[in-house]
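Descriptive analysis of the structure
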Amino acid sequence: MIDLHSHTTASDGQYPPATLVARAAAAGVTVLAVTDHDTVAGLAEAREAARAHGVELVPGIELSAFVHGKEAHILGHFLRPEDPELARFADRLRDERTQRMEAMVARMRELGFPVRMEHVLKVAGDAQLGRPHLARVLVNQGWCIDMKAAFDRFLGTGRAAWVERFKLEGAEAIRLIRDAGGTATLAHPGSSKMERVELKALAQAGLSGLEVLSADHNPGLRQKYLALAAEFDLVPTFGSDFHGEEVSPDHRLGVAAMPPELFQKLRARAPSASA
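For the protein chain, the name recorded in an unreviewed UniProt entry is PHP domain-containing protein, with Corallococcus soli as its organism.

This is the structure:
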């Protein structure tokens, strides 16, 4: 079973990399991509665990970018984690995320909630800071019933504590991934409301895959994006977008399988495959 989209505590996932790999193996996953947000920090631990559990690890990342004003999540697969430009960019995004979190914490305090950065940092540990960490604080303190409520009330786009993020253009995200030897795949296009015009622009910029089989897609969306993948010669992929039961209870490991022939087709498109 092949799953090309998962997260660890290196970003906003529930489980450390080794635990994620162990859980994936127990669920029947034989090929797993670890695609943490804006970082490759969890890949070394995941690689060791993958060897121990007989799982093939696909080194990856997930970059939040924009195309025609819409946020697009670009997955990188088969990349070189040690690529220096990718490392510099990850460091820059870590700084950006810290500044954004400080601004969101300040807004929560303006709303009358005594949140401090120390609370968020305790939840996040060494991970890249993200809104789910602040959401977890709000739940832990009893101010929100669950993570969804935290986003719906405070942290979602345009909500009371929302702060605009650094905007990386989709074409630049694809370039960064390809220059690091990887393929670029658009994640959960349905939930991001990606249409033909955005897909065409990303395909022209070098997009290789389209996450058709997403937990966020109903059968109608899957058929829609399968047709668009064929139109733009994008490899249809599957990814659970697993973060952990406490973060995303409806996203589970081992619930579907990507055909091996499509996995090999995507791998063949990686610049590192011909290096």
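**A few points about helix 8 (residues 196-204)**
Those residues of helix 8 not exposed but buried are Glu-198, Leu-199 and Leu-202. Take helix 8 and look down its axis: the buried residues cluster within an arc of 100°, on one side only. Taken from the residues just after helix 8, Gly-206 is the one with a positive phi, measuring 115°.

**Notes on the packing of helix 4 (residues 117-124) against helix 5 (residues 131-140)**
In contact at an axis separation of 9 Å, helix 4 and helix 5 are set at 105° when each is read in the N-to-C sense. Comparing their axes, helix 5 and helix 4 come out roughly perpendicular. Along the contact surface, helix 4 presents His-119, Val-120, Val-123 and Ala-124, while helix 5 presents His-133, Leu-134, Arg-136, Val-137 and Asn-140. When grouped by side-chain class, the residues that make up the contact of helix 4 with helix 5 number 5 nonpolar, 3 polar and 1 charged.

**Comments concerning the packing of helix 1 (residues 17-26) against helix 2 (residues 43-53)**
Where helix 1 meets helix 2, the axes come as close as 8 Å, and the angle between the chain directions of the two elements is 30°. Note on packing geometry: the crossing formed by helix 1 with helix 2 is right-handed. Two secondary-structure elements touch here, helix 1 through Pro-17, Ala-18, Val-21, Ala-22 and Ala-25 and helix 2 through Glu-45, Ala-46, Ala-49, Ala-50 and His-53. Grouping the amino acids of the contact of helix 1 with helix 2 by side-chain chemistry returns 8 nonpolar, 1 polar and 1 charged.

**A short note on the pattern of salt bridges**
In this structure the tally under the stated criterion is 15 salt bridges. Across the pair Glu-71 and Arg-165 runs a salt bridge, and its minimum N-O distance is 3.9 Å. Of this pair, Glu-71 sits in strand 4 (residues 70-77) while Arg-165 sits in the loop between helix 6 (147-155) and helix 7 (170-179); the two residues are 94 residues apart in sequence, bridging distant segments of the chain. Taking relative accessible area as the criterion, Glu-71 reaches 23% and is therefore assigned partly exposed. One salt bridge connects Glu-172 with Arg-175, and the closest N-O pair in it is separated by 2.7 Å. Highlighted residues: Glu-172 and Arg-175, both in helix 7, separated by 3 residues, approximately one helical turn.

**Structural notes on the nonpolar core**
If you look at the biggest cluster of nonpolar residues, it comprises 45 residues, and the most contacted ones within it are Leu-32, Ile-74, Leu-186 and Leu-210. Per element, the largest residue contribution to this core is 5 residues, and it comes from strand 3 (residues 56-67).

Rules used in this analysis
- Residues numbered from 1 in each chain as written.
- Predicted model: local features only at pLDDT ≥ 70, side-chain atom pairs only at ≥ 80, totals over all residues.
- Heavy atoms only, no water.
- Buried < 20%, exposed > 50% of the residue type's maximum accessible area, 1.4 Å probe, protein only.
- Helix = DSSP H or I, 4+ residues; strand = E, 2+ residues; numbered from the N terminus.
- Arc of directions from axis to C-beta.
- Axes fitted to C-alpha atoms, helices over the stretch in contact; angles between N-to-C directions.
- Parallel < 35°, antiparallel > 145°, perpendicular 65-115°, else oblique.
- Contact = heavy atoms within 4.5 Å.
- Nonpolar A, V, L, I, M, F, W, Y, C, P; charged D, E, K, R; others polar.
- Left-handed = near helix turned anticlockwise from the far one by under 90°.
- Salt bridge = Lys/Arg side-chain N within 4 Å of Asp/Glu carboxyl O.
- Core = buried A, V, L, I, M, F, W, Y, C linked by side-chain atoms within 4.5 Å.

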